[in-house]
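# Observations on the model geometry
Spelled out from the first residue to the last, the chains are:
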Amino acid sequence: MAANVAVILIFLSLICYPKTTQATYMAMQATNQTFVESSYGPGNIPINWTASWERLEDAVSLLCFHHAYALHNYTASSKTYAGHTMNNTGRADTPARSEKKTVDKNKPLECRVAADSAQDLPPAFQAMHCTVSWTEKPQLSTSSDAGQGLCAPMSCIEREVALLVETGLLGIKPKTPRDVDFIDCERNEDDASSGALGIISTIAGLSVLVLVLVGTMYEFIITVYYTEERKRSLTASKCGRFLMCFSAYSNTKKVFDTRQSPGQLPALHGLRVLSCLWIIYGHVDFFTMFFNLTNRSEYDGRRREWWYFVLDCNNMAVDTFLVLSAFLVTHWLLNQLKKNNGEFTWKDLGRHYLHRYWRLTPVYLYLVLLMLPSEKGCQTYWWANLLYINNYFTGDERSCVGVAWYLAVDMQMFIIAPGLILVMYKKPKLGVTINVLLVVLSWVFYGGLRQLDPIAEPKGVGNSYFWTPGRMGPYIMGILLAYLLFRTNSKVSNTRATKVRMLVGWAFGITLGLVTTVMPTMLRAMTPWPGFEIRANIGWSAVERSIFAASVCWIIYACCVGYGGIVSEFLSWKAWLPLSRLSYVTYLIHSMHISVFYGIFESLIYNGLAWVVIFAGLSVWSFCSACMYSVAVEVPFSELGKMIIPQRRGRQPENGKATGAEEPETLPLQATPREELSQKPEDQKTDKTHVENNV
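Scope of this entry: the structure provided in the associated data block. This structure is a prediction, so every number in the text was calculated from the model and none was measured. (Residues numbered from 1 in each chain as written. Predicted model: local features only at pLDDT ≥ 70, side-chain atom pairs only at ≥ 80, totals over all residues. Heavy atoms only, no water.)

### A few points about the packing of aromatic side chains
A ring pair, where both rings are aromatic, is described by two values, the distance of the centres and the angle of the planes. For the record, the criterion: Working definition: rings of Phe, Tyr and Trp (its six-membered ring) pair if their centres are within 6.5 Å, and the pair is stacked with planes under 30 degrees apart, edge-to-face with planes over 60 apart, and tilted otherwise. By definition, any uninterrupted DSSP run of H or I lasting at least four residues is a helix, any uninterrupted run of E lasting at least two residues is a strand, and each is numbered from the N terminus. Here's how the labels work: a residue is buried when its accessible area is under 20% of the maximum for its type, exposed when over 50%, partly exposed in between, all with a 1.4 Å probe on protein chains only. Geometrically, a lysine NZ or arginine CZ counts as sitting over a ring once it is within 6 Å of the ring centre and also within 35 degrees of the ring normal.
Within the structure shown, the criterion is met by 31 aromatic pairs. On the numbers, 5.4 Å between centres and 75° between planes, the contact of Trp-405 with Phe-466 is edge-to-face. Pair noted here: Trp-405 is in helix H20 (residues 405-426) and Phe-466 is in the loop between helix H21 (428-452) and helix H22 (468-488), with a separation of 61 residues, a long-range link. In this pair, the class of Trp-405 matches that of Phe-466, namely buried. Grouped by ring-pair contacts, the aromatic residues Tyr-299, Phe-597, Tyr-598, Phe-601, Tyr-606 and Trp-611 constitute a single cluster. Over the ring of Tyr-299 we find Arg-302, and its NZ or CZ is 3.7 Å from the ring centre.

In structure tokens form, the structure reads like this:
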């Protein structure tokens, strides 16, 4: 009851509070004058708080707005806590400083300590330090980015802070019209809560470490001190099999095993690894938005360089993952349907989902547990990650393992894929028509969601970027590609006309890839500042991912039918295989490594060559760390799943291959046309054991 009365009184005080007078500002001390000039500029009209509340009440909580009002009001009356707060807020950029465009982080620790320790601190008020990055509005043709530090009420979330800052209600607002590009706030978490979460995280880490040590010692002892026959007897027992699952020695051999069964497509490993590296390189550049760059004008200028397309379209590597995921799952399921005469029961479907969930979740959950103490999103929205719906919980304090939005999209498409594949298998024309319509619908969904998503403008990256309906196009195209190869038995005729068609196909596929990757950057570079942004066009942004996916599909198709040439040889390099097994974990952890690395430095200096060196170092670091996580968590739980989860129909006995990869590691295919001419019919049979054990 008391709380309700307090809220009502606060609301009435906001309504009844009169406009701040100009005379009040003239009476401010030096600190307060700085506040006014940084916020509004000398002589600007005072804030009408009642009108501001009426405009923002649907977007800002009452408590947050009240604390912003109190901060403004008590700064004018020289309250100690308010003065400390404003003294630890970076001033707006002046013309002399705008060339460097540095983020003036000021004193984050003093922001929290000095303000929160003031004797006149109001109840429920706590300060937090935020880093605000500004971007100039599209109509301006001058430099693009600037930033500063901000001491703000902790009762506000990042989205609310951004709105209050843009309207000048938190004491900072550049004198030129700018929008908030991003905002990142550092909070004081409750000590008891953080301590408990830290204990949970520590227990999870130590438990895995103990299991790995015990399992490794067990294998060492039975290998050194027991005969081969006795060793086989011990490892055949349930306890022995459990301990062997966690042996670092055996698991490391599985991860780095480069042996491949005949008839498989190793080119998929190269595609997966290169896509993962492409994402890392893009994030090395992207994450600089959240840190202080001393030469930001030079950093901004790179967008007009011809080579920038490598960074400009790196997020399309995720669409490559979607194509590969759909392609492999569809190929396996079609072969199982053929083997079982088209029969696929509800029991088969349940096991299909269970195996998928078990293969992806253990190492994913382990990383979530490790991030509990430091990630607010993991503390409150961990369940969204475990349900694989976290792509709908992005943004302010809701994101946990941010890059894992892709896993949610992939899992949701995996759930509906069996229905689409079954229809294609039993009624091909209807099934293909439905899938083609879904590709078109994905364009409509993305365009519609983008139109309704205000965060997407003007850069085109908002909530709609993560939503499954707009991202399903490449996945459906992977399904269609696998069905095409299934119907043709991965064969084409070995004639001159076929060679000409394949050559034309390569030219067309390369053209599609260049149109979606290089063309947008070249258009920007060749047009007057700030350059033509084709991705700001909703129609283009809706279809470009499917166009790029078509280019990827052609590469896979050409390699499958034996016309991959030097591309297939490069992508089939044996060294890709171990890295491919590690790519899933590498994708999950690389962003954490980038944040840790950048956080070491007070400021960064952009240099193109230095960025490449940083990318190389972080890639090695991420893959090495992924190896440890894979050996300690991913592979052990994958092996453990074979003990406790019922086998799916059509699977062969265990062949000892590693399964610690995001998707099936290899794909059995028919021999290439040239090989078919010299092989006997019985030699053309493919060994499906490996792929069946890894789907």
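### Considering the state of the cysteines
Inclusion rule: Criterion for a disulfide: a pair of cysteine sulfur atoms within 2.5 Å.
Throughout the structure, instances matching the rule amount to two disulfides. Residue Cys-64 pairs covalently with Cys-156 via a disulfide, S to S 1.9 Å. With the S-S dihedral at roughly 100°, the linkage between Cys-64 and Cys-156 falls on the right-handed side. Here Cys-64, found in helix H5 (residues 62-76), pairs with Cys-156, found in the loop between strand S3 (145-153) and helix H8 (158-166); they are 92 residues apart in sequence, far enough to count as distant. We classify Cys-64 as buried; its relative accessible area is 0%. A sulfur-sulfur distance of 1.9 Å marks the disulfide that ties Cys-378 to Cys-400. Between Cys-378 and Cys-400, the S-S torsion sits near 90°, and that sign places the bridge as right-handed. Residue Cys-378 is located in helix H18 (residues 376-380), and its partner Cys-400 is located in the loop between helix H19 (382-386) and H20; the two are separated by 22 residues in the primary sequence. Taking the relative accessible area as the measure of exposure, Cys-378 reaches 0% and is therefore buried. No disulfide involves Cys-627; its nearest neighbouring cysteine sulfur is the one of Cys-624, lying 7.3 Å away.

### Comments concerning the environment of Phe-290
Within the secondary structure layout, Phe-290 lies in the loop between helix H13 (267-286) and helix H14 (296-301). By relative accessible area, which is 27% here, Phe-290 ends up partly exposed. Sequence spacing of Phe-290 and Tyr-598 is 308 residues, and the spatial spacing of their C-alpha atoms is 9.2 Å.

### Regarding unusual backbone geometry
A negative phi holds for most residues other than glycine; trans holds for most peptide bonds. Positive phi outside glycine occurs at Asn-341, with the angle close to 55°. Position of Asn-341 relative to the elements: it lies in the loop between helix H16 (317-339) and helix H17 (346-370). Residue Asn-341 is classed as exposed on the basis of its relative accessible area, which comes to 71%.

### Focus on the nonpolar core
Quick note on the threshold: In these notes, a set of buried Ala, Val, Leu, Ile, Met, Phe, Trp, Tyr and Cys residues joined through side-chain atoms within 4.5 Å is what counts as a nonpolar core. By definition in these notes, contact holds between two residues if any of their heavy atoms fall within 4.5 Å.
In terms of nonpolar packing, the biggest core is built from 118 residues, with Ile-556 and Leu-588 touching the most fellow members. Broken down by element, this core gets its largest block of residues, 14 residues, from H16. Non-local contacts of Leu-588, meaning those with residues more than four positions away in its chain, are made with Tyr-364, Leu-367, Val-401, Val-403, Ala-404 and Leu-407. With 30 residues, the next largest nonpolar core counts Leu-62, Phe-65, Tyr-69 and Leu-169 among its residues.

### Structural notes on the packing of helix H27 (residues 576-599) against helix H28 (residues 608-644)
As a reminder, the rule being used: Lines fitted to C-alpha atoms define the axes, with helix axes restricted to the stretch in contact, and inter-axis angles between N-to-C directions lie between 0 and 180 degrees. By definition in this entry, angles of less than 35 degrees are roughly parallel, angles greater than 145 are roughly antiparallel, angles of 65 to 115 are roughly perpendicular, and the rest are oblique. By convention the crossing between two helices is left-handed if the near helix lies anticlockwise of the far one by an angle smaller than a right angle, and right-handed if it lies clockwise.
Contact geometry of H27 with H28 gives a least axis separation of 6 Å together with a crossing angle of 125°. One element, H27, and the other, H28, form an angle in the oblique class. Classified by chirality, the crossing of H28 by H27 is right-handed.

### Some words on the pattern of salt bridges
This is how it is decided: What makes a salt bridge here is a side-chain nitrogen of Lys or Arg within 4 Å of a carboxyl oxygen of Asp or Glu, nothing more.
Inspection of the entire model under this criterion finds 11 salt bridges. Where salt bridges share partners, they join Asp-312, Arg-524, Glu-533, Arg-535 and Glu-544 into one cluster.

### Here's the deal with the packing of H22 against helix H25 (residues 538-560)
Here is the rule we go by: Classification used: nonpolar for Ala, Val, Leu, Ile, Met, Phe, Trp, Tyr, Cys and Pro, charged for Asp, Glu, Lys and Arg, polar for all others including Gly.
Direction vectors running N to C along H22 and H25 enclose 25°, while the axes themselves pass 9 Å from each other. Classified by the interaxial angle, the pair formed by H22 and H25 is roughly parallel. The chirality of how H22 crosses H25 is right-handed. Note on element contacts: H25 touches H22 through Arg-545, Ser-546, Ala-549, Ala-550, Cys-553, Ile-556, Tyr-557 and Cys-560, opposite Arg-471, Gly-473, Pro-474, Met-477, Leu-481, Leu-484 and Leu-485. Residues belonging to the contact of H22 with H25 are distributed by class as follows: 11 nonpolar, two polar and two charged.

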